[in-house]
Amino acid sequence: MTRVRNRGRAACPGSRPGSRAVSGIAGLASIPYLGALFSVRSENKDEGQVLLVLKPTIVRRPVGNAFANEVWTGTETTPVSPI
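The rules behind these values
Residues numbered from 1 in each chain as written. Predicted model: local features only at pLDDT ≥ 70, side-chain atom pairs only at ≥ 80, totals over all residues. Heavy atoms only, no water. Helix = DSSP H or I, 4+ residues; strand = E, 2+ residues; numbered from the N terminus. Contact = heavy atoms within 4.5 Å. Areas by Shrake-Rupley, 256 points an atom, 1.4 Å probe, with all protein chains shown as cover. Patch = residues over 30% accessible without salt bridge, like charges linked within 9 Å, V, L, I, M, F, W, Y side chains within 5 Å. Salt bridge = Lys/Arg side-chain N within 4 Å of Asp/Glu carboxyl O. Buried < 20%, exposed > 50% of the residue type's maximum accessible area, 1.4 Å probe, protein only. Polar contact = N/O pair within 3.5 Å; in protein donor to acceptor, adjacent residues only side chain to side chain.

Student: Which residues make up the overall build of the chain, and what are the values?
Tutor: Secondary structure summary: the chain contains 0 helices and 6 strands in total. Secondary structure elements of the chain, listed N to C terminal, follow the sequence β-β-β-β-β-β. The contacts of the chain with a sequence gap of at least 6 include a subset with a gap of at least 24, amounting to 53%. With an accessible surface of roughly 8,100 Å², the chain has 56% of that area assigned to carbon and sulfur atoms.

Student: So what's going on with a nonpolar patch on the surface? Residues and values would help.
Tutor: Among the surface-exposed residues, Ile25, Leu28, Ile31, Leu34, Leu37 and Phe38 lie close enough to one another that they form a single nonpolar patch of about 530 Å² accessible area. You can see Leu28 is positioned in the loop between strand E2 (19–24) and strand E3 (39–44). Given a relative accessible area of 32%, Leu28 falls into the partly exposed group.

Student: Can you explain the environment of Ala36? Please cite residues and give values.
Tutor: Among the structural elements, Ala36 can be located in the loop between E2 and E3. As for Ala36 and Gly24, which are separated by 12 residues in sequence, their C-alpha atoms are 9.1 Å apart.

Student: Talk me through the side chain of Ser39; I want residue IDs and the actual numbers.
Tutor: Mapped onto the elements of the fold, Ser39 is located in strand E3. Since its relative accessible area comes to 16%, Ser39 is described here as buried. Within the local environment of Ser39, its side chain forms a polar contact with the backbone oxygen of Gly35, the two atoms lying 2.8 Å apart. Here Ser39 is in contact with Val22, Ser23, Gly24 and Ala29, once residues within four sequence places are set aside.

Student: Tell me about the environment of Leu52, and name the residues and values.
Tutor: Relative to the helices and strands, Leu52 is located in strand E4 (residues 48–54). Owing to a relative accessible area of 46%, Leu52 belongs among the partly exposed residues under this scheme. On a C-alpha basis, the gap between Leu52 and Pro13 in space is 6.3 Å, while along the polypeptide they are 39 residues apart.

Student: Give a description of the pattern of salt bridges that names residues and reports values.
Tutor: Going through the model one piece at a time under the given rule, you end up with 1 salt bridge. Between Glu43 and Arg20 there is a salt bridge whose closest N-O contact spans 4.0 Å. Separated by 23 residues along the polypeptide, Glu43 in strand E3 and Arg20 in strand E2 bring together distant segments of the chain. Per residue, the accessibility class of Glu43 equals that of Arg20, and both read exposed.

So this is what it looks like as structure tokens:
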């Protein structure tokens, strides 16, 4: 957990490990012992580093606004409706 003041910044470093993949003919690749004949295994050893920078902002409701308790939600495919 990281504590950050309002409009402050926090940096979260991390690393991205390599990946492994198995591909082959569906059904035949999952047969024990015979699956090795019908599948290909690959390993990617490229590792990377990630730096995630967060800047939180506290949003407060306006004081004295009659509609402050009403929240509307929706997306491009779902109509907008009050909660």
